[in-house]
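Here are the chains, one letter per residue:
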Amino acid sequence: MIDLVEGAPPVEYELAAEQVVALAAAKVVRMSPGPRAGLWKVRDNGYVGAAVVGGVEVRITPKTPIDRVLFLLGYARRPRGWRQEEVHAGEHPELLPALAHAYALAADRALRRGVLQGYREMEEALPVVRGRIREADQIRRRYGLPLPVEVRYDDYTVDIAENRLLLAASVRLLRLPGLAVPTRRTLRHVIARLAGVSAAAPGAWHPTRINARYQTALGLAELVLRGASYELDDGTAVRVNGLLVEMWRVFEDFVTVALAEAFRPYGGRSEPQDRRHHLDHGRRVLLKPDLVRYVIDSGGKEVPAAVVDSKYKISTGPDGHGADLYQMLAYCTALGLDRGHLVYAEGSAEPYRHVVHGAGIRITQHAIDLTLPPARLLSAVERVAGSILRNDEGR
């Protein structure tokens, strides 16, 4: 087993040649040759979680507190429906056991008052008429025979999207390594309660008053399935089975959603992952800022008012910090803005303002402390939003 900590120095492991090939193909970790043959220096490659890669179990513990990681993941998915007080990660320091523990408890709690039922549209061939006859199908499939009858009706059943999602997440977790025995026991209990629910694709669900008691469990189930097993799409046979998330993407998603929510009371419109802009007139160089805020100008036209890009850590390479500034300079130039904003996880960069020579463009770095409790973390994002508004609208 390979046991790593995000951002920590590399650890030496004995690896067979086929294991090295599988790990290199999956890009889950970074490796370099050790002091002798067969010994490799292994470190994380931006992922946290646990997975089995080419027969090797890999566990990567996040440097951010695990309950904060769960909050970042959940809030980015449903900012107005995520209830952190109902998510309990237990004492697990690793992402997969913690998420499995939190999900198992939430699902068990959701099902204590019974399995949710709802109406689902069914299409079947029956010996009696139920609901409405599908006349076109009856003629096409039965050639004038009166029975069976092709019908469409609404069935009140447990086989609905919400229960399918809980079942899929529970079954998936039981297949993964590193779960505590009590967690596995609870997951089996959840599956037993979902008898009558099919293993078909869950489908979409929407928050309602009726499924309110399910919503925390459903949010966690989505996180479980979001980190689903995957096969590399480049034709290799390596299979990665586990739950892995990229922390830079977790941070980017959280900052984008949280800032958009913080901007909401001030009007305007926030466009995440805005991909309508190009650096050149030939529109060959696409720009992808994480967030662009638009307002209506005096002429009634919607125009960019602020551009924000999030960076989990400073870029690697000789440019390091400078690469992020060059990227933001390109965004400001293309959008016609004289100010841009970079948001980092605190510790990677601290608040600072740069003024670009000859361009009059100011680029401000903001830092957010991910170790803060959820309420204070959101307050920190609101302060960043306030600073952006003051800088950009007070020009």
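See the structure above.
The residue R172 is located in helix α5 (residues 161-174) in this model. Polar contacts involving the side chain of R172 include one to the main-chain carbonyl oxygen of V224, which spans 3.5 Å.

So, on to the sheet that holds strand β15 (residues 291-296). Spatially, β12-β15-β16-β17-β19-β18 is the arrangement adopted by the six strands of the open sheet, whose pairing is mixed. For this open sheet the edge positions go to β12 (269-272) and β18 (352-355), each flanked by a neighbour on one side alone. Neighbour to neighbour, the strand axes of the sheet diverge by 20 degrees on average, direction disregarded. Across four bridges, strand β16 (residues 302-311) lies against strand β17 (residues 339-345) in parallel orientation. From the neighbouring strand, D309 faces β17, where its bridge partner is L342.

Turning next to the layout of surface pockets. Its volume calculated, the largest pocket comes out at about 680 Å³. Forming the walls of the largest pocket are 30 residues, and the residues nearest its centre are W248, R249, K311, Y312 and K313. Elements supplying a minimum of two residues to the lining of the largest pocket: β4 (39-44), α8 (247-263), β16 and α9 (321-335). Here the element with the most residues in the lining of the largest pocket is α8; it accounts for five residues. Residues belonging to the lining of the largest pocket are distributed by class as follows: six nonpolar, eight polar and 16 charged.

Criteria and cut-off values
- All chains use their own residue numbering, which begins from 1 and follows the written sequence.
- Thresholds applied to this predicted model are a pLDDT of at least 70 for local features of residues and 80 or more for the giving and counting of side-chain atom pairs; totals over whole chains, interfaces and linings are not thresholded and use all residues.
- Remark: hydrogens and water are excluded; side-chain values derive from all non-hydrogen atoms of the structure.
- Put simply, DSSP marks the helices as runs of H or I at least four residues long and the strands as runs of E at least two long, and each gets a number from the N terminus on.
- Pairs of N or O atoms within 3.5 Å make up the polar contacts considered here, provided that, within protein, one atom can donate a hydrogen while the other can accept it, and that residues adjacent in sequence are counted only when both atoms are side-chain atoms.
- Two strands form a pair only when DSSP identifies at least two bridges running between them.
- The axes are straight lines fitted to the C-alpha atoms, using for helices just the contacting stretch, and the angles between their N-to-C directions are given from 0 to 180°.
- Definitions used for this entry: grid spacing 1 Å over protein atoms alone; cavity, a set of points where a 1.4 Å probe fits but cannot get out; pocket, an open set with protein on both sides within 12 Å along at least 5 of 7 lines; lining residue, one with an atom within 4 Å of a point.
- Grid points are joined across faces, edges and corners, and a volume is the space filled by probe spheres set on the points.
- Amino acids outside the nonpolar list (Ala, Val, Leu, Ile, Met, Phe, Trp, Tyr, Cys, Pro) and the charged list (Asp, Glu, Lys, Arg) are all regarded as polar, and Gly is one of them.

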